[in-house]
Amino acid sequence: MNDRYMSVDQVAELLGTTIRFPRRLVEERRIRFVKVGRHVRIPESAVREFIAANTVEPIVLRPTGPRRAA
């Protein structure tokens, strides 16, 4: 268990978002988190998993050959 636990502020900074976004992820149970008293901590691995699960890969289009002008 060698995971760093981050505050909501730290997660927002890491993701480049406002504090509201990670709070919403926690509220909607879209990311793993730990309650420590009244504090919420998010494991760094959960942030990496969230990023990986929501990464959209580009579509590689194959060339269809020479194009003709109409």
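Residues numbered from 1 in each chain as written. Predicted model: local features only at pLDDT ≥ 70, side-chain atom pairs only at ≥ 80, totals over all residues. Heavy atoms only, no water.

Peer 1: Can you walk me through the pattern of salt bridges in this structure?
Peer 2: If the charged atoms of two oppositely charged side chains come close together, the side chains can form a pair. Overall, the coordinates contain four salt bridges when judged by the stated rule. Two residues, Arg30 and Glu28, come together in a salt bridge whose shortest N-O distance is 3.1 Å. What makes Arg30 partly exposed here is its relative accessible area of 41%. With its nearest N and O atoms 3.3 Å apart, the salt bridge here joins Arg32 to Glu49. Residue Arg32 is located in the loop between helix H2 (20-27) and strand E2 (34-36), and its partner Glu49 is located in helix H3 (residues 44-53); the two are separated by 17 residues in the primary sequence. (Salt bridge = Lys/Arg side-chain N within 4 Å of Asp/Glu carboxyl O. Buried < 20%, exposed > 50% of the residue type's maximum accessible area, 1.4 Å probe, protein only. Helix = DSSP H or I, 4+ residues; strand = E, 2+ residues; numbered from the N terminus.)

Peer 1: Got a minute to help me understand the nonpolar core in this structure?
Peer 2: Generally speaking, nonpolar side chains in soluble globular proteins are found buried as a group. Residues Met6, Val8, Val11, Leu25, Val26, Ile31, Val40, Ile42, Ala46, Val47 and Phe50 constitute the largest nonpolar core, which totals 11 residues. For this core, the secondary structure elements donating two or more residues are helix H1 (8-15), H2, strand E3 (39-43) and H3. If you tally residues by element for this core, the top one is H3, at three residues. (Core = buried A, V, L, I, M, F, W, Y, C linked by side-chain atoms within 4.5 Å.)

Peer 1: How should I be thinking about the pairing of E3 in this particular structure?
Peer 2: Two faces, one strand: in a regular strand the side chains alternate between the faces of the sheet. Pairing between strand E1 (residues 5-6) and E3: two bridges, direction antiparallel. Bridged to Tyr5 within E3 is Pro43. Where E2 meets E3, three bridges bridge the pair, whose relative direction is antiparallel. Across the sheet, residue Lys35 finds its bridge partner in E3, namely Val40. (Pairing = 2+ DSSP bridges.)

Peer 1: Is there a simple way to think about the environment of Arg20 in this case?
Peer 2: Locating Arg20 in the fold gives a position in helix H2. A relative accessible area of 66% means that Arg20 is categorised as exposed. Separated by 12 residues in sequence, Arg20 and Val8 have C-alpha atoms that sit 8.8 Å apart.

Peer 1: I would appreciate a short explanation of unusual backbone geometry in the present structure.
Peer 2: What is expected of a backbone is that most residues other than glycine have negative phi and most peptide bonds are trans. Non-glycine residue Arg29 carries a positive phi angle of around 60 degrees. Among the residues examined, Arg29 registers a relative accessible area of 61% and is labelled exposed.

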